[in-house]
Every structure is written in structure tokens, then in C-alpha cells.
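A closer look at the structure
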Amino acid sequence: MTILLDDWKRTHFTKNINEKLVDEEIVVMGWIHEIRDLGGIIFIVLRDKDGKIQITAPTKKIDAELVEQIRNFKKESVIAIKGIVQSSNKAPNGVEIIPGAIKILNESNQPLPMDPTNKTNAEIDTRLDNRFIDLRRENISSIFKIKSQMLHSVRMFFEENGFLEVNTPKLVASATEGGTELFPITYFEREAFLGQSPQLYKQILMSAGFERIFEIAQIFRAEEHDTLRHLNETISIDMESSFMTDKDVMEILEKLVNKVLVDIISKGNQHLKILDVDLKLSQCPFPVVTYDKAIDIINSKGVQIEWGEDLSRAAEKVLGEEYKNYYFLTEWPTEIKPFYVMPNKKDPTKSHAFDLMYGDLEISSGAMRVHEHDLLKEKIAEKGLNPDSFDNYLKAFAYGMPPHSGWGLGVDRFNMTLTSLKNIRETVLFPRDRRRLTP
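This structure is a prediction, so every number in the text was calculated from the model and none was measured.

1. Notes on the overall build of the protein chain
- Counting its regular elements, the protein chain contains twelve helices and 16 strands.
- Overall size of the protein chain, expressed as C-alpha extent along the three principal axes, is 85 × 55 × 40 Å.
- Residue burial in the protein chain is summarised as follows: out of 439 residues, 50% are buried.
- Approximately 22100 Å² of the protein chain is accessible, and the part contributed by carbon and sulfur atoms is 50%.

Here is the structure:
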């Protein structure tokens with residue numbers, strides 16, 4: 001029978017229960033993680049958002065009606081327990097709770113759609129179909145606790161360095177970069193699209209005089225990839241700064257990455273242990289590998305790639321074998337970069353664009369931007385696009401646009417590097433790929 005809390009209030013989370021509370025009456029609430037009935041004694045492991053605590057019920061010392069209630073418990077039911085804290089050398093936390101009263105707040109159906117105790121493995125599709133159960137597992141919830149710490153550290157870093165957090169539209173009238181990989185939607189009587197990047201808005205805000213801005217938000221890309229590193233809805237950390245070169249914002253990026261590493265190692269150590277991840281700091285500055293050097297390395301390993309091509313998966317794997325940690329790829333060919341990327345004045349075939357890699361995984365891309373109106377209009381036309389379609393964007397460049405640079409960092413891929421995961425779907429609560437739109 002399901003009942004309400006009435007006058008019961010939780011007094012403690014599991015992480016706060018220790019020997020200082022011995023002989024005190026407390027109230028805990030959570031899920032029944034495990035039950036062991038040994039006849040003369042029944043053990044319940046109760047789980048809440050912070051961890052687990054042992055409830056010990058000696059059948060001869062507690063009320064018979066309570067014993068009968070406990071014996072009818074079903075795993076994963078939600079309960080509240082009022083009891084006395086007692087020392088116990090055999091309990092996982094050195095303390096246990098002797099129950100005096102229990103409320104069943106919501107009984108779980110049986111059998112469970114999957115095992116939430118980590119004793120048996122389930123396929124990724126089964127897990128995602130039953131994500132509400134999958135997320136009850138401590139190793140899975142640890143992924144998102146690390147992700148939360150990462151996002152907190154990112155915001156703290158930007159705040160400490162004078163950046164303003166902004167929010168740009170996700171419903172747009174046309175493509176950010178003129179591409180076709182967009183999700184169209186019906187917007188009243190006309191067509192609109194889900195935004196693939198805040199890029200154009202970030203640059204407009206440089207004209208507005210904000211100078212240093214960042215945004216953490218969803219981006220949408222209608223790419224038909226079906227890989228372990230691509231999703232169609234992801235979260236991006238974007239920054240843009242006036243009066244900075246590509247090298248300046250690369251330095252900001254590597255400092256931000258190390259800030260996150262320091263914070264997670266110091267504050268998220270418990271969750272790293274649960275995931276069995278030995279996270280280490282990266283030496284600053286990160287290694288810098290030019291596109292030319294990368295092409296030489298790739299070809300020397302037997303993977304053929306022509307100068308001017310984007311990197312294939314095989315090419316990325318070669319670089320990942322050469323560079324195991326974070327490193328920058330710089331001086332990309334102008335031809336394969338978007339119209340807003342600044343070409344190198346000494347050699348216009350090369351650009352002021354860069355990627356941040358972790359082994360064979362690209363986690364960020366950025367560049368110094370074209371800030372001159374006429375050159376930008378020319379670059380748009382060179383890409384086969386109509387400058388008139390970018391009128392509102394170009395207008396911001398005609399009335400005092402400062403030189404500026406920026407980057408976008410993929411939150412979900414970044415979290416892959418922090419948690420040693422190989423499938424990006426693991427790092428997203430409810431991933432969206434070309435086949436999955438629910439739950």
C-alpha cells in the first residue's frame with residue numbers, strides 16, 4: 001500500500017550518517033537496493049542520491065508486525081525508515097540503523113526490467129530503453145555527477161576570468177554555416193531550423209561590445225552518423241572574446257581544461273574511484289601539431305591522405321597512437337573551414353583555425369574570425385552562399401567590429417575524456433541519435 005509522508009521528514013542523507021549519530025533517532029528515505037533474510041535477522045540496503053546505508057532488523061528485538069512488513073518488501077520500492085543509529089564493525093559505513101517504523105512510499109513492480117545492482121550487465125539499448133533504472137546504478141550516476149562538477153568548474157572559470165554568460169536563440173531562420181545538415185521545423189507559416197551553433201550570434205555580441213562571452217547550451221546537427229562519438233543533440237560550451245588571437249583563446253581553452261581536471265580530481269575523487277578511472281593532470285601548454293605535420297605523420301603510418309582533406313577516422317586513429325593526451329591541431333587549410341575563419345595573411349591557403357584533440361577524439365574546434373565586413377562578405381560568396389541571406393549578421397560588421405576569436409567545446413565528448421568512456425551515449429542522460437527519439 002502506498003502512503004504519504006504525513007509528518008515524516010528526512011533528517012539525513014546516507015553520506016551524513018556516521019558514528020557521531022550513534023544512539024540518535026533519524027529518518028532516512030530512498031530505494032530498497034537489496035534485501036537479505038537470514039531468518040533471525042534481516043538486512044536491508046537502502047540507497048539514496050548519495051550512497052547506501054545498512055538497515056539491520058533483528059527479528060526477535062523489533063515488533064513482529066514490522067518484521068512481517070519487512071519480509072514483504074520488494075526490491076526498488078521507495079521507503080522511509082525511522083530508526084536508531086548503531087555502531088557495527090560489519091556494516092559498510094561502520095554504522096547501521098535499527099528500524100523502529102517503516103513507511104512504504106511506493107511499491108515497485110516485479111520483475112524489474114533490468115538489474116540495478118551492477119551484478120549483471122545489460123546491452124546499451126536495453127539500458128537506454130530503461131534509463132530510469134540504469135541511472136540508479138552508482139557507476140552510471142557517477143558519470144553525471146562528474147559531468148555536473150565539470151559544468152560547475154567551467155562556469156566558475158569563466159566568471160573568474162571576466163566572461164559574461166549569454167543565451168542565444170536555438171530557433172533560426174537559416175543555417176549558421178550555410179550547410180544542409182539542419183533539422184527543419186514548422187514555425188507558424190514558414191520554415192525554420194534548430195540551431196547547429198551559436199557562432200553567428202557570438203560574433204554579433206562582439207560587435208555589441210560584450211567582449212568576453214560564453215554559453216552552455218544544446219546544439220542540433222542533422223548528420224546521419226551512426227558512430228560511438230556522434231549524436232544529433234549535444235551540449236556545447238562556446239566562448240568568444242574580442243581583441244584576442246587564435247593563440248590567445250587556445251591558451252584559455254587549455255587553462256579551462258586543466259581547471260576542470262584539478263577540480264574533478266580533488267572533488268570528484270569518489271566518483272572516479274567508482275568508475276575505476278585514474279584521471280591525471282595534463283602538462284600546459286598542450287602540444288601543438290600543425291596540419292602539415294599531422295599529414296606527414298599519417299602518411300608515414302600507411303594511411304593515405306592528401307593535403308587539403310579533412311581527417312578520416314583512420315587518420316585520427318594514427319594521431320591518437322602518436323599523441324595519447326590533449327593536443328592542438330593548428331593551421332588548417334582555409335578551403336575546408338567555414339567562411340568566418342580568418343585566413344593566414346602570409347599564406348591564405350592556411351587559416352587561423354585549430355582543433356583540440358584527446359588522442360583520436362576531437363573535443364573542440366575554434367579560430368580567429370574574419371572581422372572585416374567586405375572580406376567576410378567575399379568569403380561567404382566564395383563558399384557558394386548568398387551574402388543577402390546573412391544580411392542581419394553582416395550588418396554587425398559594418399559599424400565597428402573588433403578582431404575576435406573563439407571556440408566551441410563538446411561537453412559530452414569532454415566528459416568521455418574525463419570518465420574513460422568510449423560511447424558518447426553513456427555521457428548523455430537521454431541521448432538523441434538517428435534511431436533514438438525516446439525516452
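2. A look at helix H10 (residues 373-382)
- Buried residues of H10: Leu376, Lys379 and Ile380, and no others. Buried residues of H10 fall within an arc of 100° about the axis and therefore sit on the same side. Opposite its buried face, H10 presents the exposed residues Asp374 and Glu382, each directed more than 90 degrees away.
- Looking at the buried residues of H10, the elements they touch are helix H11 (391-395).
- A positive phi of about 80° marks Gly384, the residue just after H10.

3. Let's talk about empty space enclosed by the protein
- Scanning all chains against the criterion turns up one cavity of 30 Å³ or more.
- Empty space within the largest cavity amounts to approximately 40 Å³.
- Lining the largest cavity are Glu223, His225, His230, Leu231, Asn232, Asp433 and Arg434.

4. A short note on the sheet that holds strand E13 (residues 326-330)
- Judged by pairing direction, the sheet is mixed, and its eight strands sit side by side in the order E6-E10-E11-E16-E15-E14-E13-E12 without closing on themselves. Since the sheet does not close on itself, it has two edges, and those belong to strand E6 (164-165) and strand E12 (288-290), each with one partner.

5. Details of the side chain of Arg127
- With respect to the helices and strands, the residue Arg127 is situated in helix H2 (residues 124-129).
- In this structure Arg127 comes out as buried when scored by relative accessible area, which is 6%.
- In this structure the side chain of Arg127 is engaged in a polar contact, spanning 2.9 Å, whose partner is the side chain of Asp134.
- Among all residues touching Arg127, those that are not within four sequence positions of it are Met114, Ala122, Asp134, Arg137, Ile140 and Glu426.

The rules behind each value
- Residues numbered from 1 in each chain as written.
- Predicted model: local features only at pLDDT ≥ 70, side-chain atom pairs only at ≥ 80, totals over all residues.
- Heavy atoms only, no water.
- Helix = DSSP H or I, 4+ residues; strand = E, 2+ residues; numbered from the N terminus.
- Buried < 20%, exposed > 50% of the residue type's maximum accessible area, 1.4 Å probe, protein only.
- Areas by Shrake-Rupley, 256 points an atom, 1.4 Å probe, with all protein chains shown as cover.
- Arc of directions from axis to C-beta.
- Contact = heavy atoms within 4.5 Å.
- 1 Å grid on protein atoms, 1.4 Å probe; cavity = no way out; pocket = protein on both sides within 12 Å on 5 of 7 lines; lining within 4 Å.
- Points joined across faces, edges and corners; volume = space filled by probe spheres on them.
- Pairing = 2+ DSSP bridges.
- Polar contact = N/O pair within 3.5 Å; in protein donor to acceptor, adjacent residues only side chain to side chain.

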